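Fold and geometry: a report
Take a look at the letters that make up each chain.
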Amino acid sequence: MSTESRGGVERGSVPLLAVAHGSADPRSAAAVSALFDRVRALRPGLDVRVSYLDHVSPSAEDALTALARGGAGEVVVLPTLLTAAYHSKVDLPRVLDRAREESPWLRVRYADPLGPHPLLLDAVERRLAEAGARPGPGTALVLASAGSSDPAANATVGSLAARLAERGPWREVATAFASAAAPGPGEAVAALRERGAERVAVASYLLAPGFFADRVRDRSVAAGASAVSEALGDAPELARVVLERYDVAMAPRNARV
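Read on for a plain summary of the structure. On a predicted model such as this, the values are computed, not experimentally measured, just so you know.

**A short note on the packing of helix H1 (residues 26-42) against helix H8 (residues 236-250)**
As a packed pair, H1 and H8 sit with axes 9 Å apart at the nearest point and diverge in direction by 65 degrees. In the packing of H1 onto H8, the handedness of the crossing is right-handed. Contacts between H1 and H8 involve Leu35, Phe36, Arg38, Val39 and Leu42 from the first element and Pro236, Leu238, Ala239, Arg240, Val242 and Leu243 from the second. For the contact of H1 with H8, the per-class residue count stands at nine nonpolar, no polar and two charged.

**Here we look at the sheet that holds strand S8 (residues 227-228)**
Where strands meet in a sheet, backbone hydrogen bonds hold them as pairs that are either parallel or antiparallel. The four strands are arranged S6-S5-S7-S8 in an open sheet whose pairing can be described as parallel. In this open sheet, the two strands that pair with only one neighbour each are strand S6 (173-177) and S8. Along the sheet face, helix H5 (residues 151-167) touches strand S5 (139-145), S6 and strand S7 (199-205) and points at about 150 degrees away from the line of S6.

**Quick word on the sheet that holds strand S3 (residues 74-79)**
What the four strands build is an open sheet, ordered S2-S1-S3-S4; its pairing is parallel. Two strands in the sheet have a free side with no partner beyond their single neighbour: strand S2 (48-52) and strand S4 (107-110). Averaged over all neighbouring strand pairs, the angle between strand axes comes to 30 degrees, with direction disregarded. Contacting strand S1 (16-20), S2 and S3, helix H2 (residues 60-69) crosses the sheet at an angle of about 170 degrees to S1. Contacts from H8 reach S1, S3 and S4, with the element oriented near 135 degrees to S3.

**Brief notes about unusual backbone geometry**
Omega for the peptide link from Ser57 to Pro58 comes to 0 degrees, which places this bond in the cis form. On the secondary structure map, Pro58 appears in the loop between S2 and H2. Omega for the bond connecting Ala182 with Pro183 falls within 30 degrees of zero, at 0 degrees, which places this linkage in the cis form. With respect to the helices and strands, the residue Pro183 is situated in the loop between S6 and helix H6 (185-194). Positive phi values are uncommon outside glycine, yet His55 reaches one of about 75 degrees. With respect to the helices and strands, His55 occurs in the loop between S2 and H2. Given the relative accessible area of 55%, His55 is considered exposed. You will see that Ala180, though not glycine, has its phi angle at about 70 degrees, which is positive. Take Ala180: it is sitting in the loop between S6 and H6.

**Regarding the packing of H6 against helix H7 (residues 211-222)**
Between H6 and H7, the least distance of the axes is 7 Å, while the angle of their chain directions is 35 degrees. Crossing of H6 against H7: the hand is right-handed. Where H6 abuts H7, its residues Pro185, Gly186 and Val189 lie against Arg215, Val216, Arg219 and Ser220. Along the lines of polarity and charge, the residues of the contact of H6 with H7 split into three nonpolar, two polar and two charged.

**Quick word on the pairing of S2**
With five of its five residues buried, S2 lies for the most part within the structure. In S2, alternate side chains face the same way, and those of Val48, Val50 and Tyr52 on one face and Arg49 and Ser51 on the other are all buried. As defined by bridge partners, S1 adjoins S2 across five bridges and the pair is classed as parallel. Following the sheet pairing, Val19 is matched in S2 by Ser51. Read from S1 through H1 to S2, the crossover connection turns out right-handed.

**Let's talk about H2**
Listed in full, the buried residues belonging to H2 are Ala60, Ala63, Leu64, Thr65, Leu67 and Ala68. Among the residues trailing H2, Gly71 stands out with phi positive, at a value near 110 degrees.

**As for the environment of Arg167**
On the secondary structure map, Arg167 appears in helix H5. We classify Arg167 as partly exposed; its relative accessible area is 35%. When near neighbours in sequence (up to four residues on either side) are disregarded, Arg167 contacts Pro118, Leu121, Asp122 and Glu125.

**A few points about H8**
An α-helical turn contains 3.6 residues, so a residue and the one three or four places further along point in the same direction. Taking 1.5 Å per residue, 15 residues should reach 21 Å; H8 reaches 22 Å between its end C-alpha atoms and fits that length. Looking at the buried positions of H8, the neighbouring elements they touch are S1, H1, S3, S4 and helix H4 (118-130).

Thresholds applied
- Residues numbered from 1 in each chain as written.
- Predicted model: local features only at pLDDT ≥ 70, side-chain atom pairs only at ≥ 80, totals over all residues.
- Heavy atoms only, no water.
- Axes fitted to C-alpha atoms, helices over the stretch in contact; angles between N-to-C directions.
- Helix = DSSP H or I, 4+ residues; strand = E, 2+ residues; numbered from the N terminus.
- Left-handed = near helix turned anticlockwise from the far one by under 90°.
- Contact = heavy atoms within 4.5 Å.
- Nonpolar A, V, L, I, M, F, W, Y, C, P; charged D, E, K, R; others polar.
- Pairing = 2+ DSSP bridges.
- Buried < 20%, exposed > 50% of the residue type's maximum accessible area, 1.4 Å probe, protein only.
- Right-handed = clockwise from strand over helix to strand, strands pointing away.
- Expected span 1.5 Å × (residues − 1).

Coordinates in, geometry out; function isn't part of it.
Encoded structure:
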């Protein structure tokens, strides 16, 4: 249960403001909401609020304004993103700059994005198992993310794929991107099949269902994928990552921005 009361902030608490990308697809916000309901259940005394960069209200800027007007003197802002890319490096810092100008007394601790983190690999494996995919010498795996114009973000997905290859006896693990980078999910599945894989499973390294998740599923199935996992959504591992990011941001050595 949140410590929020009548729009105010309980004295002594430091709220967590999650900032997700946002989508026109209502399934996305529902999945994000479910994730943070799980976070609240794990830590009932924490004031947890959710905002978005686009499509869904409240916006991050409006949520920060509401916190400041409600009496908050400090907040932990969490980029609810699976990789550090343009939104966490540029978009959200701009929002924080505007909030600092409007409410200079509000101290902001900026947490790291959700990914990369070893627990996210556990969540990926959980969703694959739920989809009926098991590692084996005849089964290859595609780790499919949204994709980014930031090469470092795409390289992070490649590093996660390498870790998955170490954790399970997959025949091979490749990456794919739903946008902004190559190969696409269909291309990656087709290439693995051409290289002799009997089966190809696809892991959706996506936070929530929506446009990109549908694209990954449709193009992977069309190319012959045997299984496609659901987005990570409210997997319990993600809720644990959220709280770890919050705790690290609250550590005394981490300066407020």
